[in-house]
Amino acid sequence: MPATDLTQASAAELSALYASKDASPVEAMTATLARAEAVNARINALTIVDGEAALAAARESEARWQRGAALSPLDGVPVSIKELVRAKGWPHSMASRLTDKSPASEDAPAVARLREAGAIVYAQNTSPEYGFKGVTDSPLHGITRNPWNLELTPGGSSGGSGAAVAAGLGPLAVGTDGGGSVRIPSAFCGLVGLKATYGRIPAWPPSMHGDLANTGPMTRTTLDCALMLNQMARPDARDPFPAQPEEKDYTAGLNRGVRGLKIGLVMKFGDVFLDPEVEAAVTAAAKALESLGAVVEPIAPPPQSADSGRVFVVHWFSALQRLLQIYPADKHDQFDPALLANARIGEQYSVQTLVDAMVARRELSTAWNLLFANYDLVISPTLNVLAFPVGRPAPDGPDGSPNFAWSNTALFNLTRHPAVTTPAALGPSGLPIGVQIVAAHYRDDLVLQASAALEAAQARTFPVLPA
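Residues numbered from 1 in each chain as written. Predicted model: local features only at pLDDT ≥ 70, side-chain atom pairs only at ≥ 80, totals over all residues. Heavy atoms only, no water.

## Focus: the overall build of the protein
The criterion, for reference: Only DSSP runs of H or I reaching four residues or more are called helices, and only runs of E reaching two or more are called strands; each is numbered from the N terminus. Radius of gyration here is computed from C-alpha atoms only, and the compact-globule reference equals 2.2 Å multiplied by the residue count raised to the power 0.38. For the exposure calls, accessible area comes from a 1.4 Å probe over protein chains only, and a residue counts as buried if that area is under 20% of its type's maximum, exposed if over 50%, partly exposed in between. We call two residues contacting when some pair of their heavy atoms lies within 4.5 Å. We count Lys and Arg on the positive side and Asp and Glu on the negative side, and we leave His and both chain ends out. Note that the charge is assigned to NZ on lysines, CZ on arginines, CG on aspartates and CD on glutamates.
For the protein, the count of helices and strands is 14 helices and 13 strands. In terms of C-alpha radius of gyration, the protein reaches 21 Å, essentially the compact-globule figure of 23 Å for 467 residues. Summarising its shape, the C-alpha atoms of the protein cover approximately 60 × 60 × 45 Å along the three principal directions. Taking all 467 residues of the protein together, 60% fall into the buried category. If you take every contact in the protein between residues at least 6 apart in sequence, the share linking residues at least 24 apart comes to 77%. Separation of charge centres in the protein, based on 37 positive and 45 negative side chains, amounts to 2 Å.

## Some thoughts on helix H9 (residues 308-320)
Each turn of an α-helix holds 3.6 residues, which means side chains three or four residues apart point in the same direction. Definition in use: Working rule for helices: expected span equals 1.5 Å times residues minus one.
Over its 13 residues, H9 runs 18 Å from end to end, which matches the ideal 18 Å to within 8%, given 1.5 Å per residue. Of all the 13 residues making up H9, 10 are buried; the element is thus mostly covered by neighbouring parts of the structure. For H9, the full list of buried residues reads Ser308, Val311, Phe312, Val314, His315, Trp316, Phe317, Ser318, Ala319 and Leu320. Buried positions along H9 lie against helix H10 (323-326), helix H11 (337-348), helix H12 (351-372) and helix H13 (410-415).

## Some thoughts on the sheet that holds strand S11 (residues 377-381)
Under the convention used in this document: We treat two strands as partners when DSSP finds at least two bridges between them. For helices, the fitted axis covers only the stretch in contact; all axes are lines through C-alpha atoms, and the angles between them, taken along N-to-C directions, range from 0 to 180 degrees.
With mixed pairing, 11 strands are arranged side by side in an open sheet as S1-S3-S2-S6-S8-S7-S12-S13-S11-S9-S10. Among the strands making up the open sheet, the edge pair consists of strand S1 (46-49) and strand S10 (295-298). Strand-to-strand twist across the sheet, computed as the mean angle between neighbouring axes with direction ignored, equals 25°. Note that strand S7 (residues 192-195) and strand S8 (residues 214-219) share 2 bridges and pair antiparallel. What sits directly across from Gly193, in S8, is Met218. Contacting S1, strand S2 (78-82), strand S3 (120-125), strand S6 (172-177) and S8, helix H5 (residues 159-166) crosses the sheet at an angle of about 155° to S6.

## Thoughts on the packing of aromatic side chains
The geometry of an aromatic ring pair comes down to the distance between the two centres and the angle between the two planes. This is how the line gets drawn: Aromatic rings from Phe, Tyr and Trp, taking only the six-membered ring of Trp, are treated as a pair when their centres fall within 6.5 Å; an angle between ring planes under 30 degrees marks them as stacked, one over 60 as edge-to-face, and anything in between as tilted.
Inspection of every chain in the model, using the stated rule, returns 10 aromatic pairs. Arranged with centres 5.8 Å apart and planes meeting at 75°, the rings of Tyr327 and Phe335 form a pair that is edge-to-face. There is no split in this pair, since Tyr327 and Phe335 are both buried. When the centroid spacing of 5.2 Å and the interplanar angle of 85° are considered together, the rings of Phe388 and Trp406 count as edge-to-face. Pair noted here: Phe388 is in the loop between S11 and H13 and Trp406 is in the loop between S11 and H13, with a separation of 18 residues, a long-range link. The same class applies to Phe388 and to Trp406, which are both buried. One aromatic cluster is present, formed by Phe269, Trp368, Phe372 and Phe412 through successive ring pairs.

## Section: the environment of Pro303
In this fold, Pro303 is placed in the loop between S10 and H9. Counting along the chain gives 197 residues from Pro303 to Glu106, while the straight-line C-alpha distance between them is 44 Å.

## Structural notes on the packing of H9 against H12
For any two helices packed against each other, the geometry comes down to the angle between their axes and how far apart the axes lie. As a reminder, the rule being used: If an angle is under 35 degrees, it is roughly parallel; if it is over 145, roughly antiparallel; if it lies from 65 to 115, roughly perpendicular; otherwise it is oblique. The handedness criterion is simple: a crossing whose near helix is rotated anticlockwise from the far helix by less than a right angle is left-handed, and one whose near helix is rotated clockwise is right-handed.
At a minimum axis distance of 9 Å, the contact between H9 and H12 shows a crossing angle of 130°. Judged by the angle between their axes, H9 and H12 are oblique. Like other packed secondary-structure pairs, H9 and H12 cross with a definite hand, here left-handed. Here H9 contributes Ser308, Val311, Val314, His315 and Ser318 to the contact with H12, which in turn contributes Thr353, Leu354, Ala357, Met358, Ala360, Arg361 and Leu364.

## What about the pattern of salt bridges?
Our working definition: Salt bridges, as used here, are contacts in which a Lys or Arg side-chain nitrogen is within 4 Å of a carboxyl oxygen on Asp or Glu.
Within the structure shown, the criterion is met by 19 salt bridges. Across the pair Arg416 and Asp211 runs a salt bridge, and its minimum N-O distance is 2.4 Å. A residue pair is termed long-range when its members are at least 10 positions apart, and Arg416 in the loop between H13 and strand S12 (419-423) and Asp211 in the loop between S7 and S8 qualify at 205 residues. According to the relative accessible area criterion, Asp211 is partly exposed, its value standing at 23%. Taken together, the shared-partner salt bridges connect Glu106, Arg113, Glu116, Arg234, Asp236 and Arg238 into one network.

## Some thoughts on a nonpolar patch on the surface
Our working definition: Exposure above 30% relative accessible area and the lack of any salt bridge qualify a residue for a patch; like charges then connect within 9 Å, and the nonpolar side chains Val, Leu, Ile, Met, Phe, Trp and Tyr within 5 Å. Values of accessible area rely on a 1.4 Å probe in the Shrake-Rupley scheme; residue burial ignores everything except the protein chains shown.
On the surface, a nonpolar cluster with roughly 320 Å² of combined accessible area is contributed by Val351, Val355, Met358 and Val359. Its place among the elements puts Val355 in helix H12.

## A look at the environment of Ala203
With respect to the helices and strands, Ala203 occurs in the loop between S7 and S8. Note on Ala203: relative accessible area 23%, which makes it partly exposed. Linking Ala203 and Val272, residues 69 residues apart in sequence, is a C-alpha distance of 33 Å. The contact partners of Ala203, leaving out residues within four places of it in the chain, are Pro109, Thr215, Arg238, Asp239 and Pro240.

## Thoughts on the environment of Ala31
Inspection of the secondary structure puts Ala31 in helix H2 (residues 25-43). Ala31 sits in the partly exposed class, given a relative accessible area of 24%. Linking Ala31 and Leu169, residues 138 residues apart in sequence, is a C-alpha distance of 9.1 Å.

## Observations concerning the nonpolar core
Selection rule: We define a nonpolar core as any set of buried Ala, Val, Leu, Ile, Met, Phe, Trp, Tyr and Cys residues linked to one another through side-chain atoms lying within 4.5 Å.
The biggest cluster of nonpolar side chains holds 86 residues, and the ones touching the most others in it are Val79, Leu377 and Leu448. In this structure Leu448 touches Thr222, Cys225, Ala226, Leu229, Tyr250, Leu254 and Val420, once residues within four positions along its chain are discounted. Ile299, Ala343, Ala360 and Ala419 belong to the second-largest nonpolar core, a separate cluster that totals 37 residues.

## Considering the side chain of Thr222
Mapped onto the elements, Thr222 comes out in helix H7 (residues 222-232). Ignoring anything within four residues of it in the chain, the contact list for Thr222 reads Val192, Leu254, Thr422, Leu448, Ser451, Ala452 and Glu455.

These figures come from the coordinates and say nothing about function on their own.
Structure below.
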């Protein structure tokens, strides 16, 4: 990182610079706004940039740092917020042409907690409509692109958040994850992205996807992810399904390493295509963990996992059909056509189909709980493929037809286990590859600990789009 380029600094690095007075929140925010002005038109990651309010907040933060009264290590750090997450004063658009675009009257819990920590909420990030797919484009905002290669997708649905952090438009972003929507773009953009144990991070308003949906941090480093979790995990009475509150500093013990941990390696969840470059990168990551003292052994996922894709789709499409009741039929042609098609499939499911999927989900969760009774962690590819071209809902499979079995993330939305994606070393293509690390319920600290160990064992880089 050039000493003067504050847009390439992590949140922890910015905090250290503020404390030493080698840089200020005003300087960092000014640099971030200038970079957003220079590169956002090419990647389309930000829908709103509130520069005036951001600079005012930066001046307040700078005064706190100068008098030794910073609110937290995130005080004065720029952060952007996915448009599915409510932020006071901005439209809660859901990336849809049909939503009310009036400014929101209050913050979602994650946004409120970050503001209370002094973080500067300066921009809103793009999403597909209602976050319904794993790539980021919408009728409202168009296509979002990956800073590593502008012809490729950043993934979704938190693709704007992933692209923004990777491109240096603030080191922190808030995404949502109902089936991998934090982890997919984090993997494609070379970031750390956490889906915590369900309920660990309070959520409001409730997602139409119920307890599949999570709010989560997306960052350049594991330490930054832990710093965000420290704030975002604080309880909020509006959350209808909170986890038991815990007084925990997720940065404490982050560098304990993995020595003595028993780790299961799942390379493939079923008979699916796995890109050889992804397989090689995850194999190398497993060997790196072994070299750090972990016991890593290949394992098969529980047999119930084989049906998890169908079980997830039934839950997902059943939720989407609610949109057909929320909006009048004469406006349905304004939906993303693929969203409308999925909602109509959900509308046709029988009660028996939905109940069967709910039963299968419970059995799946139990099976993974039993596995975690014997393993501290499970690692796998986050995604089975490299980032693919924009404008497609899925990559091409080996036979040339769309391959919809390219992500390994939704399984753990069904089971509610904590799962982080962290970058493996870049492969021959020069594109990021994610390693997914999963643990038993409430062991969010352990997945971050393993992510930090892997991060320390390998060099990491980020794209720098020329301004």
